[in-house]
Amino acid sequence: MNNVTMMISEQLNLRVKEMNQVSYGVLANTHVRYPLLFLNGYNYDNVNKYIYLDAHNRITDNLFALSLPFPDIDRINVFSDQNMFFSSKQFNNDSEVIKERLLARVKPTDMEINNNADFILIGPHLDEWAEDNRSIVFSLQRMIKGSQGIIGLIEVQSKYEIINELCNISDITSGRIYIIDREDNIIYPFSETARDRIDFYLEWCKNNDYKKKDNDLVARVYDDFTKTTQVVASKYSDYTDWTVIYALPQAFITKPIYRILWFIIVIGMLGAILSFFIAYKIASYIYTPLRKLKHKVESFDYQSFSFTRADDINYDFNNADEEIAVLNNTFDKMALKLKKSVEETIKTRFEVQKSYYKVLQSQINPHFLYNTISIISIMGRNLGDRKIPDICKKLTYLLKYSSDINEDYATVLEEKNNLSSYLGLLKYRFEHRLEYIIRIDPRLDNYLLPRMTLQPFVENSFKHGLYGMKGPITIQIEGRMLDQEWEIVIQDNGSGISEDALADINESINLFNNLDSGPDVNQQIKTTGLGVLNTFIRLKILLGDRLTFKIGNRANGGTEVVIRVKSE
């Protein structure tokens, strides 16, 4: 609650400081002071018309200019001691109603002002400068002093909606906000019923000899108007001389306490259930291993030297008591000795079954994944979402292509389609952070490459190139026919490869090209860039001396990989 009152009080201070800053600007403006000093001592009715108009225009023009940088300031007014009025906004000079209101105001020289006060804050009141549709405003007033004393008054007005906006906070819908001045006049809310609703607090302050200047307060007070106990927090501001009050029903505060109480009860019940569960687990820890060992012994077939209950065989007795684990290990050793003569046969049968299971599993899993992806695609299409079927299509192609272990090589077209699916999926994930271009001459479609040749280079460009990038990374794959060669170039605009890493990669490639130069060449190959080296080796095995491979950093940033092949 203190945070709410402090926040509103500080925001009010900022608004009033802005108004005070504007009043200082008027006070320091020579184009306002000098004409006002010149008119001082003249009677309004006796001042030369042209002199008055010139002074009036200079003052109003400068007041208007001073108000422009402050959109929250509604009007800047200046009153002279000779019943002359100037405003930054237009008003009806001929209106007798407005003139009567302004003349009825207390003259600056007659105002009672505290010598220690820098300004006077006037609470909400109807705008005196408007004849009809008068809005509610509040204002800051400052005296203009000359060598002969007070010569005028500066008034900076702001719309009352500013205070309304500060006090209408969504977090305080369960309570009420009030603002009062030093004389207990209600600043907010500006309504006839506000006094009835705040009387309980003002009466309590009076009975308890509480002074608003004591700054912060949190108290519990009974409200006769609502017949409820209210918890009240207040914050006094030395700057505005206003006090912000936040009244919240006590029931609203105690409600979470009851919730916590119920939460404790529920936690207690859960604790009891947990205790029962722990007791059950402890009992199971002792009894289950004994039961499993008994079943294991009973399930052992001494003719086939095998177990008939697989669940008891696979039970982990190492987690049981030490004595039970010793008994299990002794029985296992005995069983091992008994079936030693048929061990090779059993092992061979197991390996055959295991291989068959792996083959079967490799057939089942892809079909299961493809069927599941198809279901997701159909559901996305039924929901009207075009992205989901496209993602499923690209993912299915990527899975089929990467899981096909029957073919060692693929065409350039297949590699291109795989890249399109891979980059398309990345685009859905990273959106504007990734841009890509694939331009491969159709004449290259039937040329062969080792399967999964291009994707590792594109994946490196994305993973390493994206680091430290503020803008999007652009990956470009181009394939073109040359005179006696064809090439595929992969480029990005990323952060590039460090000079040390690039040197290690090229050194490893050169060492591989010179494997016949000595027995220790294999040991000299660096571990840096093994993915690049592995792809290069597969290309070298397929293409031999027809291959020209280059990897390096571009002059304008990023990485470039060139795969160039001589035509047969």
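You'll find the structure just up there.
Basis of the calculations
Residues numbered from 1 in each chain as written. Predicted model: local features only at pLDDT ≥ 70, side-chain atom pairs only at ≥ 80, totals over all residues. Heavy atoms only, no water. Helix = DSSP H or I, 4+ residues; strand = E, 2+ residues; numbered from the N terminus. Expected span 1.5 Å × (residues − 1). Buried < 20%, exposed > 50% of the residue type's maximum accessible area, 1.4 Å probe, protein only. Core = buried A, V, L, I, M, F, W, Y, C linked by side-chain atoms within 4.5 Å. Pairing = 2+ DSSP bridges. Axes fitted to C-alpha atoms, helices over the stretch in contact; angles between N-to-C directions. Phe/Tyr/Trp six-rings, centres within 6.5 Å; stacked < 30°, edge-to-face > 60°. Lys NZ or Arg CZ within 6 Å of the ring centre and 35° of its normal.

Student: Give a description of helix 1 (residues 2–28) that names residues and reports values.
Tutor: Between its first and last C-alpha atoms helix 1 spans 38 Å; for 27 residues at 1.5 Å apiece the expected length is 39 Å, and the two agree. If you check which residues of helix 1 are buried, you get Val4, Thr5, Ile8, Ser9, Leu12, Asn13, Val16, Met19, Asn20, Val22, Ser23 and Val26.

Student: Quick rundown of the nonpolar core? Include the residues and the values.
Tutor: Generally speaking, soluble globular proteins have nonpolar side chains that are buried together. Grouped together as the largest cluster of nonpolar side chains are 40 residues, with contacts concentrated most on Leu12, Leu63, Val78, Phe86, Ile163, Ile179 and Trp242. Counting residues per element, this core draws most heavily on helix 1, which supplies seven residues. Formed by 38 residues, the second largest nonpolar core is a distinct cluster that contains Val412, Phe536, Leu543 and Val561.

Student: If you had to explain the sheet that holds strand 19 (residues 559–566) to someone new, which residues and values would you point to?
Tutor: Taken in spatial order, the five strands line up as 14-16-17-19-18 in an open sheet, and their pairing is mixed. The open sheet has two free edges, formed respectively by strand 14 (434–440) and strand 18 (547–553), since each of these has just one partner strand. Geometrically, the sheet is characterised by an average inter-axis angle of 5 degrees between neighbouring strands, direction not taken into account. Pairing of strand 17 (residues 485–492) with strand 19 involves seven bridges; the strand directions are antiparallel. In the strand pairing of strand 19, tryptophan 486 is matched with valine 565.

Student: Let's hear about the packing of aromatic side chains: which residues, and what values?
Tutor: Scanning all chains against the criterion turns up 11 aromatic pairs. A network of ring pairs unites the aromatic residues Phe79, Phe85, Phe91 and Trp129 as a single cluster. Of note, lysine 17 hangs over the ring of tyrosine 239, and the distance from its end group to the ring centre comes to 5.4 Å. The ring of tyrosine 24 has arginine 142 lying over it, and the distance from NZ or CZ to the ring centre is 4.1 Å.

Student: An account of the sheet that holds strand 5 (residues 149–159) is requested, with residue identities and associated values reported.
Tutor: Each strand in a sheet pairs with another by means of backbone hydrogen bonds, the pair being arranged parallel or else antiparallel. The five strands lie next to each other as 2-1-5-4-3, forming an open sheet whose pairing is antiparallel. The two strands at the open ends of the sheet, each matched to only one other strand, are strand 2 (85–87) and strand 3 (120–126). Going across the sheet, the axis of each strand differs from the next one's by a mean of 25 degrees, ignoring polarity. Across five bridges, strand 3 lies against strand 4 (residues 136–146) in antiparallel orientation. Following the sheet pairing, leucine 121 is matched in strand 4 by leucine 140.

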